[in-house]
Amino acid sequence: MPANANLADLPEAERLHRIKAAVHDRIIGELGERANELDKEAISQRATEVLDAYLSARRVTLTAQTRAQLLAALLADILGFGPLDLLLGDETISDIMVNGPNKVYIERGNKMQRAAIKFDSDAHLMQIISRIVTGVGRRVDESSPMVDARLPDGSRVNVIIPPLAVKGASVTIRKMRKDPLQITDLIQNNTLTEEMATFLKACVNARMNIVVAGGGSSGKTTTLNVLSSFIPGDERIITVEDAAELQLRQIHVINLESRPTNVEGKGGVSIRDLVINTLRMRPDRIVVGEVRSGEALDMLQAMNTGHDGSLTTVHSNTPRDTISRLETLVLHLRLQADGIRERKGHRVAHRDRGRSSDDGSARGNRQRGAHELLRSASGQRLRPAETAARRPERRLSLMRGPSWPLSLAITDLASYVDRGQR
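Since the structure is predicted, the reported quantities are computational estimates derived from the model, not experimental observations.

Novice: Would you take a moment to explain the nonpolar core for this structure?
Specialist: Where a protein is soluble and globular, its nonpolar side chains tend to be buried together. Counting residues in hydrophobic clusters, the biggest one holds 28 residues, and the most contacted among them are Leu 84, Ile 96 and Val 159. Mapped onto this core, the elements with two or more residues apiece are α5 (84-88), β1 (93-99), β2 (104-108), α6 (122-134), β4 (146-150), β5 (156-160) and β6 (170-174). The biggest single contributor to this core is α6, with five residues. Not counting the four nearest positions on each side in its chain, Leu 84 is found in contact with Ile 96, Val 98, Ile 117, Phe 119, Ile 128, Ile 132 and Ile 173. Core analysis: the next-biggest nonpolar cluster, separate from the first, contains 23 residues, Leu 192, Met 196, Ala 197 and Leu 248 among them.

Novice: I tried to follow the side chain of Lys 220 on my own but got confused; where do I start?
Specialist: Note that Lys 220 resides in helix α9 (residues 220-228). For the buried residue Lys 220, which engages in no salt bridge, the nearest side chain bearing the opposite charge is Glu 290, 5.7 Å off. At 2.8 Å, the side chain of Lys 220 forms a polar contact with the backbone oxygen of Gly 215.

Novice: Looking at this model, I keep getting lost on α9. Mind explaining?
Specialist: One full turn of an α-helix is made of 3.6 residues, so residues set three or four places apart face in the same direction. Summarising burial for α9: seven of the nine residues are buried, a large majority. When we look at burial in α9, the residues that qualify are Lys 220, Thr 223, Leu 224, Asn 225, Val 226, Leu 227 and Ser 228.

Novice: What exactly am I supposed to notice about helix α11 (residues 295-303) here?
Specialist: Most of α11 sits out of view: eight of its nine residues are buried. Of all the residues in α11, the buried ones are Glu 295, Ala 296, Leu 297, Asp 298, Met 299, Leu 300, Ala 302 and Met 303.

Novice: Sorry if this is basic, but what is going on with the pattern of salt bridges here?
Specialist: Any two side chains of opposite charge can pair if their charged atoms end up close together. Under the criterion given, the structure shown has 17 salt bridges. Asp 284 is the salt-bridge partner of Arg 282, the closest N and O atoms lying 2.9 Å from each other. Relative accessible area serves as the criterion here: at 54%, Arg 282 is assigned to the exposed category. Note on Asp 284: relative accessible area 7%, which makes it buried.

Novice: Which parts of the structure should I look at to understand the pairing of β4?
Specialist: Residues in a regular strand project their side chains so that they alternate between the two faces of the sheet. In β4, alternate side chains face the same way, and those of Val 147 and Ala 149 are buried while those of Met 146, Asp 148 and Arg 150 on the opposite face are not. With five bridges joining them, β4 and β5 adopt antiparallel strand pairing. The residue of β5 that forms the bridge with Met 146 is Ile 160. Hairpin connection, β4 to β5: the antiparallel pair is bridged by five residues, and Gly 154 has positive phi, about 95°.

Novice: Help me understand the packing of helix α2 (residues 12-31) against helix α3 (residues 40-57) in this model?
Specialist: Interhelical geometry of α2 versus α3 gives an angle of 130° and a closest axis separation of 10 Å. The orientation of α2 with respect to α3, classified from their angle, is oblique. The handedness of the crossing between α2 and α3 is right-handed. Together, Ile 19, Ala 22, Val 23, Arg 26, Ile 27, Glu 30 and Leu 31 of α2 and Ile 43, Arg 46, Ala 47, Val 50, Leu 51, Tyr 54 and Leu 55 of α3 make up the contact between the two elements.

Novice: Explain the sheet that holds β4 here, please?
Specialist: Whether parallel or antiparallel, the strands of a sheet pair through hydrogen bonds between backbone atoms. Strand order in the open sheet made by the six strands is β3-β2-β1-β6-β5-β4, with antiparallel pairing throughout. Two strands in the sheet have a free side with no partner beyond their single neighbour: β3 (111-114) and β4. Across the sheet, the mean angle from the axis of one strand to that of its neighbour is 15°, orientation sign disregarded. With four bridges connecting them, β2 and β3 associate as antiparallel partners.

Novice: Help me understand the pairing of strand β10 (residues 285-288), please; the structure alone is not making it clear to me.
Specialist: What you see with β10 is no split at all: Arg 285 and Val 287 on one side and Ile 286 and Val 288 on the other are buried throughout. With four bridges joining them, strand β8 (residues 237-241) and β10 adopt parallel strand pairing. In the strand pairing of β10, Ile 237 is matched with Arg 285. Here two bridges tie β10 to strand β11 (residues 311-315), and the two strands are oriented parallel to one another. Along β11, the bridge assignment pairs Val 287 with Leu 311. Taking the sense of rotation as the criterion, the β-α-β connection linking β10, α11 and β11 turns out right-handed.

Novice: Help me out: how do you make sense of the side chain of Glu 235 in this one?
Specialist: Considering the arrangement of structural elements, one finds Glu 235 in the loop between α9 and β8. The exposure class assigned to Glu 235 is buried, which follows from its relative accessible area of 10%. A distance of 2.7 Å separates polar atoms of two side chains, one belonging to Glu 235 and the other to Arg 285. Among all residues touching Glu 235, those that are not within four sequence positions of it are Arg 207, His 252, Asp 284 and Arg 285.

Parameters and conventions
- Residues numbered from 1 in each chain as written.
- Predicted model: local features only at pLDDT ≥ 70, side-chain atom pairs only at ≥ 80, totals over all residues.
- Heavy atoms only, no water.
- Core = buried A, V, L, I, M, F, W, Y, C linked by side-chain atoms within 4.5 Å.
- Buried < 20%, exposed > 50% of the residue type's maximum accessible area, 1.4 Å probe, protein only.
- Helix = DSSP H or I, 4+ residues; strand = E, 2+ residues; numbered from the N terminus.
- Contact = heavy atoms within 4.5 Å.
- Lys, Arg positive; Asp, Glu negative; His and termini not counted.
- Salt bridge = Lys/Arg side-chain N within 4 Å of Asp/Glu carboxyl O.
- Polar contact = N/O pair within 3.5 Å; in protein donor to acceptor, adjacent residues only side chain to side chain.
- Pairing = 2+ DSSP bridges.
- Axes fitted to C-alpha atoms, helices over the stretch in contact; angles between N-to-C directions.
- Parallel < 35°, antiparallel > 145°, perpendicular 65-115°, else oblique.
- Left-handed = near helix turned anticlockwise from the far one by under 90°.
- Right-handed = clockwise from strand over helix to strand, strands pointing away.

Take it as geometry only, folks, not as evidence of what the structure does.
Right, here's the structure in full:
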C-alpha cells in the first residue's frame with residue numbers, strides 16, 4: 001500500500017478502492033474461518049475498528065458520508081454479495097446480468113438498462129461468485145467453469161467463467177419475487193381470463209398431468225407456481241429442480257435439488273436420479289422444475305404408473321412443438337417413437353383414472369376428457385372436444401393467452417397423435 005502522500009495524489013475512486021481492499025484483506029486475515037461463526041454485529045464492529053485505525057494511521061480524512069459509504073461497501077463484500085446487494089434489494093429489478101467487473105445490466109419493467117455499479121476488479125467479481133456458489137455447496141473453477149446456483153432468497157443464478165467466457169466471468173441472476181404472483185394477479189394483468197383460470201384450477205383438482213411450455217423468460221416457472229397453488233393442502237408434494245426456486249405454500253412439501261459432481265468427478269446427482277427416487281417417496285404430486293433430457297422419460301413413466309397430477313415445464317414454443325420436444329428428449333435414450341407417442345397419448349394432461357382412498361375404495365372414476373372438464377368448471381361447454389378434434393392447431397392452442405408468450409399442453413394428445421401421424 002502506498003504511503004499517505006501517494007494515497008492523497010490518487011483519484012478518489014482509486015483511493016477508496018485501495019483503502020477498502022487493504023481493510024478487507026486485514027479483516028479476512030484476522031477472522032479466517034471464524035468469520036462464519038461470528039454474528040453480523042460483531043463483524044460490523046470489527047470492520048469499523050479496523051477502518052478507523054487504518055485511516056488514522058495514514059492520516060486520511062474522509063467526509064462522514066464517504067466513510068459511511070466505504071464501510072457499507074466493505075461490509076457488503078464481507079457479509080453479502082458486494083455491489084450486487086444494492087440491486088438485489090431493489091424490488092423493481094427482475095434480472096441482473098454481469099458481463100465482467102465493469103459492465104452490469106439490469107432488467108426493469110421489461111426494459112434492459114445499464115446499472116450504475118461495478119466491481120473493483122476481476123478478482124473482486126470472482127470473490128463474490130465464489131461466495132454465491134459455495135453457499136449452496138457448489139464450486140466453479142477452470143475444471144468446472146459453469147454452474148447453476150441460487151441465492152438465499154431463492155433467486156436463480158447462472159455463472160460461467162474463463163476459459164469458456166472469453167472476456168471475463170459472466171453472472172446472470174433471475175430474481176425471485178418475495179410475494180409470488182397469484183392467479184388473481186395474472187387475471188388483473190390480462191395474462192389469463194377468468195374462464196382460463198377456472199379451467200386450470202379444474203385441471204389441477206382433477207389430477208391432470210400438465211406440461212407448461214414456453215421460451216426462455218416467458219414465465220414458465222411463474223405459471224408452474226400458480227398451478228401448484230391449486231394443489232390441495234392435504235397432499236404430499238415432492239419438487240425436483242436444478243436450483244430450488246419454486247415457492248409452494250402448502251405444508252407437506254419436500255424440495256429436492258440436483259447436485260453436480262465434485263472435483264474428482266464423483267457424487268453427482270442428476271434430475272433424473274431424483275425423479276426416480278421420488279417414485280419411492282409416496283408422492284401425491286410430483287413437480288419437476290424443468291425436463292431437459294432423460295428425466296422426460298421418467299416423468300412420462302411416472303404419469304403412466306399411477307402418479308397422476310404431475311406438473312413440469314419444458315422449453316418449447318407451442319403445444320405442438322412440445323410433443324416433438326418431449327419425443328426428442330426421450331429418443332436420445334434409443335426408445336422407439338411409437339412407444340413414446342403411445343405413452344404421451346395416454347397420460348399427458350387429458351384424463352384421470354382415479355386413486356384409491358384410505359379405505360381402499362375408489363375415489364371415483366374421473367376419466368373425463370378436456371371437454372368435460374371445461375363444462376364442469378364453468379357450467380357450460382367452452383370449446384367442445386368434438387369440434388376441436390377437427391382443428392388440431394386450434395385445439396392445441398386452447399390455453400394460449402393474448403399477452404402470455406407460452407402455452408400449456410393441456411389437450412387430448414392421444415387424438416392429436418393419432419391424427420398427426422396420418
